[in-house]
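# Structural features, examined
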Amino acid sequence: MPFPASCGRVCPRFCETDCRRNVVDEPVGIMHLKRYVADIDLESPAPYVPATKPATGKSVGIVGGGPAGLTAAYYLARAGHAVTVYEAYPQLGGMLRYAIPEYRLSKDVLDREIATITALCAEVKCNTKLGVDVTLDELKAKHDAVVIAVGAAASQMIGVTGEDLPGNYGGLEFLAKYAGGQGPAIGRRVAVVGGGNTAIDCARTAVRLGADEVTIVYRRSKSEMPAHPEEIEGAEEEGVKFRFLANPVSCGCESSGHMAKLTCIEMALANPMPPGAGARSRCPVRSF
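Since this is a predicted model, take the numbers as computed values, not measurements. (Residues numbered from 1 in each chain as written. Predicted model: local features only at pLDDT ≥ 70, side-chain atom pairs only at ≥ 80, totals over all residues. Heavy atoms only, no water.)

## Some words on the nonpolar core
Within the largest apolar cluster, 20 residues are counted, with the highest numbers of intra-cluster contacts made by Phe3, Ala73 and Val83. For this core, the secondary-structure elements that each account for two or more residues are β1 (59-63), α3 (67-78), β2 (82-86) and α5 (107-118). It is α3 that provides the largest number of residues to this core, a total of five residues. When residues no more than four places from it in sequence are discounted, the contact partners of Val83 are Val60, Ile62, Ala73, Leu76, Ala77, Cys121, Ala122 and Glu123. Of all hydrophobic cores here, the second largest spans 19 residues; its members include Val192, Val214, Tyr218 and Phe242. (Core = buried A, V, L, I, M, F, W, Y, C linked by side-chain atoms within 4.5 Å. Buried < 20%, exposed > 50% of the residue type's maximum accessible area, 1.4 Å probe, protein only. Helix = DSSP H or I, 4+ residues; strand = E, 2+ residues; numbered from the N terminus. Contact = heavy atoms within 4.5 Å.)

## Describing the pairing of strand β8 (residues 246-253)
Pairing between β8 and strand β9 (residues 259-266): seven bridges, direction antiparallel. For Ala246, the partnering residue across the bridge sits in β9 and is Glu266. Hairpin connection from β8 to β9: five residues lie between these consecutive antiparallel strands, with Gly257 at a positive phi of about 90°. (Pairing = 2+ DSSP bridges.)

## Topic: the pairing of strand β6 (residues 213-218)
The element β6 is extensively covered by neighbouring structure, given that five of its six residues are classed as buried. Alignment of strand β5 (residues 189-193) against β6, held across five bridges, turns out to be parallel. Its bridge partner lying in β6, Val193 is registered against Val217. Where β6 meets strand β7 (residues 241-244), four bridges bridge the pair, whose relative direction is parallel. Bridge pairing links Val217 to Arg243 in β7. In this fold, the crossover linking β6 to β7 by way of helix α9 (residues 229-237) has right-handed handedness. (Right-handed = clockwise from strand over helix to strand, strands pointing away.)

By themselves, these observations are geometric and do not establish any function.
Below you can see the structure in the form of structure tokens.
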């Protein structure tokens, strides 16, 4: 685990739900244990330096400087291989840097953990995108092996009319712009569609950007939200509003062409439909 301090801050710790210790009293707090021990090490006069085996003479190119690519670099470098990391973004870290806000994961902590890994590497090349700045054939000619670890990060849009209007952002796009210091530009009132941790991160980030009102629109009820309960409570404490049992059907604009209206349909919880059953009728559309 080359990211114990970072993981100890942001891991959703699903394993604790199924921890066998639950049959006795309570689960092992693995997330907090990792953070506690990792922080002690990072603050010590002589932080841990991974041991490496003798050089093998083999070279490995790793495409992607996110958690997967850096973990591959960590173990391959420790095995004695000369590792070069190619990253499309200006800095390493992937979604740890560009999707998780500063209030949840300090970039100073992340940078220090990444530094432990890059110290083992032969070279790191940021702002180098596969297929644009370098080709796979070039990497295969240069290295004995190539690891593709570009990830699968992509914002999931809702697929309604007007979602491409100025002022609409995908969740990961919004967080990446904020992490990269590019804004993003928002108005006085912000609506965030979704109920997962990314939606909560976007809402709490919008609060930090100075929005007067932030509302999370979620198609189910609070009890079905997949976001971590602690994050939901944090959003509530910061003044984020919640509109449950509502789902967007269209986005509208003002005369300038900028996003200004979100039309939703009211939802209702129901038992899952059996395979082959017809679609249920929907409630009347209303906007807010």
